[in-house]
Amino acid sequence: QVQLVESGGGSVQSGGSLRLSCAASGYTSSTYYMGWFRQAPGKNREGVAVIFSSGSTRYADSVKGRFIISQDNAKNTLYLQMNSLKPEDTAMYYCAAGGDTRLWLLSPTFSGNWGQGTQVTVSS
């Protein structure tokens, strides 16, 4: 099973950028998907972006054109480049990994491996 540690969160003004990182250990070829979810107070968990082992990616409509998910050549670090940040992007961001198709589908019911999260706050 993969262990995940997120970093890179912080506070920025609207329109700013942040890059989140997720350090993974125990990553194997059976970890087909890696992605990012977020949750704001009083709101449901929301899938943000996911990357398949082949390199294919999917994004939530709310972040398309602004966020980019990627991983390094060794596939042991996951990134989320967040540009043109908006106050509605404020949330705790969680890294996720696994072979469950629900992760690829960015389903909030995904219950596999999770990191502890990193807070992103965007002010106006």
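Keep in mind that what you see is a predicted model, and the values were worked out from it rather than measured. (Residues numbered from 1 in each chain as written. Predicted model: local features only at pLDDT ≥ 70, side-chain atom pairs only at ≥ 80, totals over all residues. Heavy atoms only, no water.)

(A) Seen up close, the state of the cysteines. A complete count under the given rule lists one disulfide for this structure. The disulfide that involves Cys22 links it to Cys95, with 2.2 Å between the sulfurs. In this structure the cystine formed by Cys22 and Cys95 twists about its S-S bond by roughly -80°; its chirality is therefore left-handed. Separated by 73 residues along the polypeptide, Cys22 in strand β3 (residues 18-25) and Cys95 in strand β9 (residues 91-98) bring together distant segments of the chain. For the pair Cys22 and Cys95, a shared accessibility class is recorded, and that class is buried. (Disulfide = S-S within 2.5 Å. Helix = DSSP H or I, 4+ residues; strand = E, 2+ residues; numbered from the N terminus. Buried < 20%, exposed > 50% of the residue type's maximum accessible area, 1.4 Å probe, protein only.)

(B) The pattern of salt bridges, seen in detail. Applying the stated criterion across every chain yields a total of five salt bridges. For Lys64, the salt bridge is made with Asp61, and the minimal N-O distance between the two is 3.2 Å. Residue Asp89 is joined to Arg66 by a salt bridge in which the shortest nitrogen-to-oxygen separation is 2.7 Å. Of this pair, Asp89 sits in the loop between β8 (77-82) and β9 while Arg66 sits in the loop between β6 (57-59) and β7 (67-71), placing them 23 residues apart in sequence. For the pair Asp89 and Arg66, one class covers both residues: buried. Put simply, Arg38, Glu46, Arg66 and Asp89 are held in one network by salt bridges that share partners. (Salt bridge = Lys/Arg side-chain N within 4 Å of Asp/Glu carboxyl O.)

(C) Spatial organisation of unusual backbone geometry. Although it is not a glycine, Ser84 adopts a positive phi angle of roughly 50°. Relative to the helices and strands, Ser84 resides in the loop between β8 and β9. Of note in this structure, Leu106 is not a glycine but carries a positive phi near 55°. Note on placement: Leu106 falls in the loop between α1 (101-104) and β10 (113-114). Residue classification places Leu106 among the buried positions, given a relative accessible area of 11%.

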